[in-house]
Amino acid sequence: MGVLDGKVILVTGGGNGIGKECALLAAKEGAKVVVNDLGGTLSGDDAGDAGPAEKVAQEIRAAGGEAVSNSDSVTDYKAVEGMIEQAKDEFGGLHGIMNPAGILRDGMFHKMSEDDWKAVIDVHLNGSFNVTRASVNHFRDQEDGSYVLFTSTTGLIGNIGQANYGAAKLGIASLSRIIAMEGERKNVRSNVIAPFAWTRMIASIPVKDEAGKERVERMKNGMRADQVAQLAVALCADKSKDVSGQIFSVRGNEVVLFDQPRPVKSVARLEGWTPETLLNQGLPSMKGSFMDMGATTSVFPYEPI
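Counting restarts for each chain, with residues numbered from 1 along the sequence as it is written. Only residues with pLDDT of at least 70 are given local features in this predicted model, and only at 80 or more are side-chain atom pairs given and counted; all residues enter the totals for whole chains, interfaces and linings. Water and hydrogen atoms were dropped before computing side-chain values, which therefore reflect all heavy atoms in the structure.

Q: Explain the sheet that holds strand 6 (residues 188-196) residue by residue, including any values.
A: Strand pairing is defined by DSSP finding a minimum of two bridges between the two strands. Numbered from the N terminus, helices here are DSSP runs of H or I no shorter than four residues, and strands are runs of E no shorter than two. With mixed pairing, eight strands are arranged side by side in an open sheet as 3-2-1-4-5-6-7-8. This sheet does not close on itself; its edge strands, each paired only once, are strand 3 (67-70) and strand 8 (254-257). Direction aside, the axes of adjacent strands within the sheet are offset by 20° on average. One ladder, built from four bridges, connects strand 2 (residues 32-36) with strand 3; its direction is parallel. Directly across from Val34, in strand 3, lies its bridge partner Val68. Residue contacts follow a heavy-atom distance rule, with two residues in contact if any of their heavy atoms lie within 4.5 Å. Structural elements are reduced to axes, namely lines fitted to C-alpha atoms, with helices fitted over the stretch in contact, and the angle between N-to-C directions of any two is expressed from 0 to 180 degrees. Sheet strands touched by helix 4 (residues 114-133): strand 4 (96-99) and strand 5 (145-150). Its angle to strand 4, the strand with the most contacts, is close to 170°. Packed onto the sheet, helix 10 (residues 225-234) meets strand 4, strand 5, strand 6, strand 7 (247-251) and strand 8 and runs at close to 170° relative to strand 6.

Take a look at the structure:
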């Protein structure tokens, strides 16, 4: 008996990395799986390849599970609707979606092209909209459904050279929260995971100093994609029906629950503020509570424990 017995799960980006491990584990835990992956390069600038998704589906079937593949893009709303219908046609339903599909086009913001901005937003943020919007009414009608979307500490905290990626990933966290709020009465759940795991996406980030190299080696050896998949699968299980609207992170064998933005300090002035009084009194009185930018000096702001 697995925690996903009787479930049908769609996994995007399922041909490699975290998506692949999510698909394999979901099947191992009893789910019937639609493995989606465009099969493109990390930058998403090619036509793609149906091979990676089908290879994972074959691996699931060879192990005695049930799976089909799909090589459409999450950026195409009609194609995503087709993924939902494929799940219904092949397996009779759909109960959960894990959406780690993504690309990277890093660069300093003052050098970032419009194409690189739009491409990353389209895959990550618009892709998350597409998979949730195309399926949400199905989940509401059956009063059962779980989304596991993927954010990043780049979005939650920030990281130099990833303005497009960070903007998309913070947007996904907000999207997930609101879907969870609106879906609560219909048992439609949504959570996000900010993963720490060695994947081809992380491997593509340049390391410029010895300290960075050491961090990368610790990540490569101690933080694996299959460890992230454990939480993703758990969040689609019936036993997690009371877990929704949360931001998690996974670092190796550690699961972290993130705070969500709340006011930390306020100042008031009976006669109202002017630019001068804000500069002389208001802003200086808040300075001690300002968030520093130290976390942006490293690709990996948190060291593994």
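Q: Which residues make up the packing of helix 1 (residues 17-28) against helix 2 (residues 51-62), and what are the values?
A: Here helix 1 crosses helix 2 at 25°, and the two axes come no closer than 10 Å. Looking at the two axes, helix 1 sits roughly parallel to helix 2. When you trace helix 1 past helix 2, the crossing you get is right-handed. Residues Lys20, Ala23, Leu24 and Ala27 of helix 1 lie in contact with helix 2, whose contacting residues are Val56, Glu59 and Ile60. Residue classes follow a fixed rule: Ala, Val, Leu, Ile, Met, Phe, Trp, Tyr, Cys and Pro count as nonpolar, while Asp, Glu, Lys and Arg count as charged, and any other residue, Gly among them, counts as polar. For the contact of helix 1 with helix 2, the residue count by class is five nonpolar, no polar and two charged. In what follows, roughly perpendicular refers to angles from 65 to 115 degrees, roughly parallel to angles under 35, roughly antiparallel to angles over 145, and oblique to any angle outside these ranges. Put simply, a crossing is left-handed when the front helix is turned counterclockwise from the back one by less than a right angle, and right-handed when it is turned clockwise.

Q: Break down the confidence of the model for the chain for me, with residues and values.
A: Every residue gets a pLDDT, meaning the predictor's confidence in that residue, from 0 to 100. For the chain, the mean per-residue pLDDT works out to 90, and 88% of the residues sit at or above 70. The low-confidence segment residues 295-305, where pLDDT is below 50, has 28 contacts with residues more than four positions distant or belonging to other chains.

Q: Can you lay out the pairing of strand 4 for me, pointing to particular residues and giving the numbers?
A: Neither face of strand 4 is open: one carries Gly96 and Met98, the other Ile97 and Asn99, and all of them are buried. Both strand 1 (residues 8-11) and strand 4 contribute to a ladder of three bridges, which runs parallel. Bridge pairing in strand 4 links Val11 to Met98. Relative to strand 5, strand 4 runs parallel, the two being bridged by four bridges. When the bridges of strand 5 are listed, Gly96 appears paired with Ser146. When a residue's accessible area, from a 1.4 Å probe over protein chains only, is under 20% of the maximum for its type it is buried; when over 50% it is exposed; and in between it is partly exposed.

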